Structure formats: C-alpha cells, structure tokens
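Each chain is listed here by its residues.
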Amino acid sequence: MRCVFSLLSAEQSQPVCQNASFIMKIIVKRRRGHLAALSIAAVVIMVGVPLWWRTTETYRAWLPVSQIQELSKLQLQLSADVEVVFSRGTVTPEQQKKLPLTQTQDEEHRVDEDTALSYRYETRYRTATVMEEDALNQPTAAEADLSLHTLSESPCGSLVVYVIPESSTLLPQDVDVYIGRRRTAFLRIGAKMRVGRTLEQLLAHMEPRVKQVLQVMSFSHTDITAALSDRVRLSPGNKESIADSMRAFKSSPGYEITFSLLNPDPKSHRLHWDIEGAAQTYIQPLLTKLAPVANFSMDSQTLYYAVLGVSPRFDSSRSTYTLNADSLAHVINPVEARLGSNAASSNPVLNFLLYVPDAHHSPLYIHDRKKQEVPSNAFHSPRWGGIMVYNVNDFYGPEAVFPVDINIDMAKVMGVFLAQLRLLLGVQSSSAPPGFLVAPCGTAGLADWELDRLMWSRSVENVATATTTITSLAQLLDQIGNIVINDNIAEQVSSAVTSLQLAVAELESGNLGFALQYSKEAILASERAFFDPSLLHLLYFPDDQKFAIYIPLFLPMCVPILLSLLKIISDARQKRRDKQAKKD
Amino acid sequence: MEMLTLLCLFSTYLLASSINIEENAGQFFSSGHTNNWAVLVCTSRFWFNYRHVANTLSVYRSVKRLGIPDSHIVLMLADDMACNHRNPKPATVFSHKNMELNVYGDDVEVDYRGYEVTVENFLRVLTGRLPPSTPRSKRLLSDDRSNILIYLTGHGGNGFLKFQDSEEISNVELADAFEQMWQKRRYNELLFIIDTCQGASMYERFYSPNLMALASSQVGEDSLSHQPDLAIGVHLMDRYTFYLLEFLEDIHPASKTNMNDLFKVCPKSHCVSTPGHRTDLFLRDPGSVLVTDFFGSVRKVELTMETINLTGHIKQWEESTSLRTGRARGIVA
C-alpha cells in the first residue's frame, strides 16, 4: 500500500496508509474540488466576461471615418466660365484670325493648413455674331442689355463681357464698364490699344479690367474667405468686412419674414395698408428668384399702442421731432417683446417694422451723426431686421376730424424694406470700382449676377459648415465611447458625406445650381445627425464611481474562485516539490 | 500769435472729435455680437430652498430690465414657491426682507418648470439636441454672434451641482457641453455665473475658448445665505446674488461699466466666502468687456442709406381679398 501523501495537502501531512479507500475518497474529493473550481473559473472567464462585455457595450453603427478624415482637409475649387465677345471695331483683321480662343487661368490660395482654395477661370474669346451686333446698336446700354438677353441666356454662374469700341455711344463719357441686370457687362477699350499689337498683347492689356469685372460680378476672394468663417477663424480685416460678416444672416434652409405696422395712436390715425398686395407685388418676385437659396414664409401683423422706447427730441429750428443715431440702439428692445414669432419653426426671423408716429410727435425724422436727415427715414439692425418711420402729418390739415383714414403708400415703404432685405440676406452691394456703372436691380429686386454671387458664397458656406459639423461629430463620437450611435445617425452621416463629395465635385466643374442643391442637402443631413436627440452623452462616470458599482457585484463572486485557484496552484507546486524530493 | 493758438485749439478739437468717432465705431465692432441670450437655472426644489428661486428670479428681472426679451431667455425653475402651501403670501416671491420687492410679478415666463428641470434637459438646451416637437420658447437658438449668459444656483459640491435632490451634473459634463457648443459655433462669448457652495470647482475643467466664469465661493468654502424674513420663515436670498443685484441696479442699458467692476462684487467682508473668477480662456481683455455685453441687449444699428425705386402698381388680388376690409388685424399669413 503506497503512501500517497504526495497528493495530500500540507495540513493533512500524516499519511493514512492504512485505509486506502479513505485516502482514495479524499483524493477524489480533492480532485473534484479542484475540477469544480477550475470549471467555475473557466465558465466565468470564457462565458461570463464576454457576456458582460457584450451586454454593457453601447451599440455603435459603422461610420465612414476615413472619408470624414478626408473631408476635414478641404480643397475647394471654384470654376467660372467667362465669354469675352469682341464687337466690330475692337479687333483688327489679323487679330481676328486667331479667334475663337480659349484660355484657362488658375489661382491658388492657401487659407490655413486644412483649407485650400483654387479659382479657375475658363475664358473664351470670340467675335460677335450679326444679331449681337444689331443688339449692340441700341441707343442705351439698358436696352442693349435687354435685347442681348432675348438672344441668349447665360447659364447660372457664367458671364459674358462684350467689348465695345471707344466710339460707341452706349456708355457715358467717364464710364468704362457697365454691368447689366443679367449676366452681361460692357467693357470699353481705347482705340489706340489695338493698333499694332498682337492678340496676345491685347488680351494681356485687357486682363486687369476683365479681372475687375469678375471680382464684382462673380466670386471674389474676400467673399469666399468670409463664407468660410465657420471653418477658419480669421483675424478680422478692416471694419467694413467685419460689419458685412455680422450683418447678413447665416445660411439656413428657411427664413421667416414678418411685416409689422406699429400704430401708437389709433385715436388719431386709422391706418390702411395693403400688405398682401404689396408683399405679393414687390417682395414675392425677389423671394421667388431666391427660391434655390432658401424657403421663405411671410406674415404680417398690426400692433396698436406700441411705442418706441425712446422719446424723440424736438428740433425747434426745423419744427420737427428727431431721433438721433445714438438713441436708435435702444428702440428695438421694448418693441421686440411684443412681436410674436411662429412657435413651430426654428428658422431665423427677419422683422420689418413700419412705425407711424402719433399725432403729437409728428413729423419724426431720423438724423445721422452729422445732424442730417436720413432720406429713407429708416434703419436696420444686423441679423434682426429693419424699422422705418412713416410720417402722416401731411395727409391731413389741422381741422381734420380724428380719427383720420390714411392709406399708406406701399411702394415707398416696400422700396425701403426691399433694400434692407437685400442687405440682411447678404446680397452684397459693395461699392464698385471707379469707372463702373452698375444697372439698378429692377422689379425682381435682384440682378442675376447678384444671385450668382449669393449662390457661390452660400454653397461655400454650406460646404464649410457641413464639413466642420461632420468632422466634429466624428471626433466627439470617437472621444466619448459611451454614446450610442443608432442606425439612423449613421445613415444621415453617410448621406451627408456623399452629398458633400458631390457638392465639391459640382463646384469644380462649375455647375453652380447643382452645387448649391447638394450643399443644402449636405448641411441638412449633417445638422440632423449632429443634433439628433439620442446623442446625449450623460454617461460620464468618474473612476471611483465605476469601482463603487462593480466591486460589490464582482468581488464576492471572485474571491472564492481566486482563492481556490491559488490553492490549486500551491497544491501543484507542492506536488512538484514532493516529486522532486522523492526523486532525490 | 492769436491765430496760431486758435489754429492749435481748432486742430486739437478736430483731432478729439475724430478720435471720438473712431472710438464709437470701435465700440460698435469690438464686441462682435449681434444678439444676447440668457439661460437661468435654479436647480433646487422644496420650500426651504426659497432663496434659490428668488436668486434666479432676481437675475431674470435684471436681465429683462436691461433689454433681453423673453424670447431670448430660457428660464428653468422648479416654480413651487409662489403657490406653495407654506407661502404666507401666495403668488409672490420676495427677494428683500420686509417684502419690499416681489420678483414673481405677472410677466414671468418660465420655460422649464417643475420636474422638467433635469440635467438631461439642461444639457439638451445647451447642446441643442432637443426633440423636433420642442417649441421655440424652450430652445436656445443662438448663433455664432450670440453672447450667452448662464446663471446656475442651487446646492453644489466639489465638482458637481445637485439637480432637484435627485441627480447631479459634474464639471466634466458641463465643460464637454460647452465644448460641443463651441464646435457648432453656438456662441460668440459666454459668461458663466454660479452661486453654490464650492462653486469655483464647476469652472475648473473648462477648456473651450471665449468663456468667462464667476463663482460665489472657492473650493472648500460654503456660500452663505443673506437674510431671513421672519414672516415668511426662510432665507430670502444668497449673499453673492444679493450684492450682484445691488451692483446691477446701477447698470442701465447705456452704461459703460466693465467686467473688472463685476469681479469686485461681494468682497469677503460681505460675502464671508471668497468669490472667484476665471478669464484665461477669454480672448478679450476683461477691462474692455462691458457688463451690458452679457446682461443687456444693446442692438447694433445701421442707417439705411439706399432705397429701391419701385414704380409698379400693386396687383389686385382676386377672390379671397375681395371679402376683406381695409384694416388688417391679427396675423395674416
């Protein structure tokens, strides 16, 4: 009967050689105990830990991270097509032989390390057709513009420049360039410039002028970099550019326009304004033309007993009441509390207020800093709207019976509101260079080339904003591992990425309309993904709280397993030691 | 000789006036914001926390007085003081003893009341992640040119703020929320004021630019309440907010007081705790930041110099307008 004390633990070191079956039972029991501990440990490690991991994992759908990384480095290329048409008398026959001619110019700008811009101008030079020559023979530039427009319509984003000889009577004496209502411009060159030169020299000579026209009618570097302000925090340039960037509303899928008539004195004045007709006739054409850029909704209201927050001062020299420019800033706040807004939408609101002063404070004029009357008698506030003061004291004499019925001249009022609307929407009426004559914008309130400029800057702004949104969303989701990413968010992100890539491609090929549409889709999808209510990260747990939660659950379970594992190991070591001793 | 002195005087006058114009123009552009928002949160409920509600309502009144309209204020209160059974004067919340000033009034617009004041709703308001059905008045619709004032009051500790006795917000979550606001350009500049115990711990973890923070007490200190009213039976206000309000009473919409004066509000002799502030993340010098840049709503205005000459006649509408009379009342879509 061999003593099998090598299987026994140190405690039971007395070999019980006599009772073999007793020993065997102990051995079996011990073995069973070891097996039990080992199998529990195996179950815990191989089944329990993965189960716990999977059930406490947050669901994260797949995101196209690599494509988002690519988008964070934005390389935008803007292309414009320009046609330069030489009319009779501007080129010599030798120069004419080389036409038609196409040139491409590229300009590269590096805005910062992540953003690069390149501008491509594809210029096509040709001579005028017979019909165009006829059209250019009109007495005034405006009529020539109209008849040229009936001949052919330039697509969105392109320009046509007609070069006219010095002898032409289309433009007045001191004006060299006329910018029409659509997408055409007239450029006058001197007669001495073309004699004795080759075509290349002529083109090189004309280039600065054509470039100036392009800066006015198409995109300019300052506008595009201003549109990138979401991506790139540029140091502020001159005061004008800061004011411009603060004034216009940011790109949004929709805007609400509210017209309000403020009547502080209904006892004296009974005001009638045909707001529906006026809005339909004067404002709606502009909004229809701007339909590719955004949706607009209009409403109107009348407020009675609404007063301005500032009391006007009486100017005895002119016997009128005046509001000076410094007090205007405090006018808006008391009124704003009473203006409503549409509770259902979150679109930005443009407010246009028409204030008719009460009978005791009429007439009321706004004075600028030099104490001169402002001709429009109106002022506007950046990103808010405009206020116009309309005096009605001329409509009735001193013996009138109150209340007096007054019909407001909506054409005058809408002229002011339309100008303010253009400024607030970012239709830039920057001062033209000297020698330029810009045609007035016409019944639609917006020239075609102004619309193109707006579309360029809006597309770039949308692309910049959408890329920043998507990259910051990806960064956020990466940093915070606890946020659940549902399938719909992943879908929105993918569609935003696709639309962005398409928008950049369309900008490169010069299709402005499609580029704007894709950029709008991209920004909608990216905003929806970023602002999805499910992405709320409420799951920050400091480390000591995590320990406090898991220790009471796992520690009681793990202690016996660990101890029995340790026991098994020490037993095995003991066995090996005994075997060693036995060998010796 | 007299001509020379006259000339000198005249030229200095011209220089002075041109500097004045430049300064005014500079003031126009220096702050870079076009609108103001305020998010005022009282995180406590129950009758014995009367002073927190009075704090928040007093700040609300000041902010409204200085020009921010209700549509630009998000007010979160448990709102269980005015109509509480223990309130001896129902429908009132007083901020000064002897019931001098009723801050509840009749034009208080509470956006989140009762059990809606939760950490989740607060973070949703800040980050903008609200469900689509949320009305406009409950949203913070700020843009990249908005200056936002955020005021929090309640019970807090080292690194956390207690919401309604049931949950907490930590300073890390708050800092992350502000960073998300910055990423989406939801503010131009942000002023964060907190009146709780150990309030300075809440702004320790901020890391986004253009944040300025003020707290009523340092880490390890308690913020104390000001004065009890024996008729109502509870403390009416906290010390820091009380002195802050006294400071704000002297501010009117055109005043030029700057932030350095705001930092001096409630010294240790009055407040017992040491108020703290943090300006290292703010890009402008605090001495050039006006108090009304955050507490008021001074609009920038420009005179409209151009008009458009419209000559066409108004097209007559058929059908639906023939029944209307000339006076337009109400909302016409």
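Quick notes on the rules
Residues numbered from 1 in each chain as written. Chains lettered and ligands numbered in written order. Predicted model: local features only at pLDDT ≥ 70, side-chain atom pairs only at ≥ 80, totals over all residues. Heavy atoms only, no water. Helix = DSSP H or I, 4+ residues; strand = E, 2+ residues; numbered from the N terminus. Buried < 20%, exposed > 50% of the residue type's maximum accessible area, 1.4 Å probe, protein only. Contact = heavy atoms within 4.5 Å. Areas by Shrake-Rupley, 256 points an atom, 1.4 Å probe, with all protein chains shown as cover. Rg over C-alpha atoms; globule rule 2.2 N^0.38 Å. Lys, Arg positive; Asp, Glu negative; His and termini not counted. Charge placed at Lys NZ, Arg CZ, Asp CG, Glu CD. Phe/Tyr/Trp six-rings, centres within 6.5 Å; stacked < 30°, edge-to-face > 60°. Lys NZ or Arg CZ within 6 Å of the ring centre and 35° of its normal. Buried area = accessible area lost by both parts, 1.4 Å probe. Salt bridge = Lys/Arg side-chain N within 4 Å of Asp/Glu carboxyl O. Polar contact = N/O pair within 3.5 Å; in protein donor to acceptor, adjacent residues only side chain to side chain. Nonpolar A, V, L, I, M, F, W, Y, C, P; charged D, E, K, R; others polar. Pairing = 2+ DSSP bridges. UniProt positions renumbered as here; feature names shortened; annotations may be inferred. Disulfide = S-S within 2.5 Å. Axes fitted to C-alpha atoms, helices over the stretch in contact; angles between N-to-C directions. Parallel < 35°, antiparallel > 145°, perpendicular 65-115°, else oblique. Left-handed = near helix turned anticlockwise from the far one by under 90°. Expected span 1.5 Å × (residues − 1). Core = buried A, V, L, I, M, F, W, Y, C linked by side-chain atoms within 4.5 Å.

**Quick notes on the overall build of chain B**
For chain B, the count of helices and strands is eight helices and eleven strands. Residues counted as buried form 59% of the 333 residues belonging to chain B. Put simply, 73% of the contacts in chain B that link residues at least 6 apart link residues at least 24 apart. Accessible surface computed for chain B: about 14,700 Å², of which carbon and sulfur atoms make up 55%.

**Observations concerning the overall build of chain A**
On a plain count of helices and strands, chain A comes out with 15 helices and 17 strands. Expected size for 584 residues packed as a compact globule is a radius of gyration near 25 Å; at 39 Å, chain A overshoots this value by more than 25%. Each of the three principal axes of chain A carries a C-alpha extent, and together these read 135 × 80 × 35 Å. For chain A, long-range pairs separated by at least 24 residues make up 77% of all intrachain contacts whose partners lie at least 6 apart in sequence. Counting only carbon and sulfur atoms, one obtains 56% of the accessible surface of chain A, whose full area is about 29,100 Å². Where the 55 positive side-chain charges of chain A centre and where its 60 negative ones centre are 15 Å apart.

**Quick word on the packing of aromatic side chains**
When we look at a pair of aromatic rings, we describe it by the centre distance and by the angle of the planes. If you walk through the whole model with that rule in mind, you get 28 aromatic pairs over all chains. Both rings, one in F259(A) and one in F352(A), keep their centres 5.7 Å apart while their planes meet at 25°; by these two values the pair is stacked. Of the two residues, F259(A) sits in strand 7 (residues 254-263) while F352(A) sits in strand 12 (residues 349-355), which places them 93 residues apart along the sequence. Of the two residues, F259(A) and F352(A), neither departs from the other in class, the shared state being buried. Ring geometry for F46(B) against F48(B): centres 6.0 Å apart, planes inclined by 35°, an arrangement best described as tilted. An aromatic cluster is present here, built from W52(A), W53(A), Y550(A) and F554(A) joined pairwise through their rings. Sitting over the ring of Y115(B), R45(B) keeps its end group 4.1 Å from the ring centre. It is K138(B) that lies over the ring of Y112(B); its NZ or CZ is 5.0 Å from the centre.

**Some points on the interface of chain A and chain B**
On the chain B side, the residues contacting the 81 residues of chain A number 64 residues. Both faces considered, chain A and chain B share a buried interface measuring about 6,500 Å² in area, 57% of it formed by carbon and sulfur atoms. The tally of links between chain A and chain B comes to six salt bridges. Residue R383(A) is joined to D144(B) by a salt bridge in which the shortest nitrogen-to-oxygen separation is 3.1 Å. Applying the counting criterion to the chain A and chain B interface returns 18 residue pairs in polar contact (both at pLDDT 80 or more). Of all the elements, helix 11 (residues 410-425) of chain A adds the most residues to the side of chain A that touches chain B, at nine residues. Class assignment of the residues belonging to the side of chain A that touches chain B gives a composition of 38 nonpolar, 26 polar and 17 charged. Relative to strand 11 (residues 302-303) of chain B, strand 14 (residues 378-381) of chain A runs antiparallel, the two sharing two bridges.

**A few points about the UniProt feature "transmembrane region" (unreviewed entry) in chain A**
Residues and elements named next belong to chain A. Look at the UniProt record and you will see "transmembrane region" (unreviewed entry) annotated at residues 35-53 and 547-569. In residues 35-53, helix accounts for 100% and strand for 0%; the two terminal C-alpha atoms are 26 Å from one another. Counting secondary structure, residues 547-569 comes out at 100% helix and 0% strand; the distance between its end C-alpha atoms is 28 Å.

**A word on the state of the cysteines**
The full count for this structure, using the stated rule, is one disulfide over all chains. With no disulfide of its own, C83(B) lies closest to C42(B) among cysteine sulfurs, the gap being 15 Å.

**Re the packing of helix 3 (residues 119-127) of chain B against helix 4 (residues 171-183) of chain B**
Residue and element names in this part refer to chain B. The interhelical angle for the contact between helix 3 and helix 4, taken along N-to-C directions, is 25°, at an axis separation of 9 Å. The angle between the axes of helix 3 and helix 4 places the two elements in the roughly parallel class. Every residue of helix 4 that contacts helix 3 at F122, L123, L126 and T127 is listed here: E173, L174, A177, F178, Q180 and M181. In the contact of helix 3 with helix 4, the residues fall into seven nonpolar, two polar and one charged.

**Some details on the packing of helix 12 (residues 448-479) of chain A against helix 14 (residues 512-530) of chain A**
Residue and element names in this part refer to chain A. Two numbers describe how helix 12 lies on helix 14: the axes approach to 8 Å, and their chain directions differ by 30°. With respect to helix 14, the element helix 12 is oriented roughly parallel. In this structure, helix 12 crosses over helix 14, and the sense of that crossing is left-handed. The class makeup of the residues in the contact of helix 12 with helix 14 is 13 nonpolar, eight polar and four charged.

**Some words on helix 13 (residues 487-509) of chain A**
Because each turn of an α-helix spans 3.6 residues, side chains separated by three or four positions in sequence point in the same direction. All names here are of chain A. In a regular helix each residue adds 1.5 Å, so 23 residues correspond to 33 Å; helix 13 covers 33 Å between its end C-alpha atoms and thus fits that length. Of all the residues in helix 13, the buried ones are I489, A490, Q492, V493, A496, V497, S499, L500, A503, V504, E506 and L507. Buried residues belonging to helix 13 abut helix 2 (65-72), strand 1 (74-86), helix 12 and helix 14. Remark: G510 follows helix 13 within two positions and exhibits a positive phi of approximately 90°.

**Describing the nonpolar core**
Ranked by internal contacts, the top residues of the largest apolar core, which has 123 residues, are F86(A), F259(A), I408(A), M414(A) and L421(A). The contact partners of F259(A), leaving out residues within four places of it in the chain, are W273(A), I275(A), I283(A), M298(A), D299(A), S300(A), Q301(A), F352(A), M414(A) and F417(A). Membership of the second largest hydrophobic core comes to 52 residues, among which are L77(B), M81(B), L191(B) and V265(B).

**Some details on the side chain of T92(B)**
With respect to the helices, strands and loops of the structure, T92(B) is situated in the loop between strand 2 (73-77) and strand 3 (112-113). Not counting the four nearest positions on each side in its chain, T92(B) is found in contact with Y50(B), A82(B), N87(B), N102(B) and Y104(B).

**Some words on the sheet that holds strand 12 of chain A**
Think of a sheet as strands paired side by side through backbone hydrogen bonds, with each pair either parallel or antiparallel. The strand order across the open sheet formed by six strands is 9(A)-7(A)-12(A)-15(A)-14(A)-11(B), and the pairing between neighbours is mixed. In the strand order of this sheet, the two ends are held by strand 9 (295-304) of chain A together with strand 11 of chain B, each with one partner. Sheet topology places strand 7 of chain A next to strand 9 of chain A; ten bridges connect them, and they run parallel. Bridging from a neighbouring strand, N263(A) pairs with Y304(A) of strand 9 of chain A. The sheet contacts of helix 11 of chain A involve strand 7, strand 9, strand 12, strand 14 and strand 15 (385-389) of chain A, and relative to strand 12 of chain A the element is tilted by about 150°.

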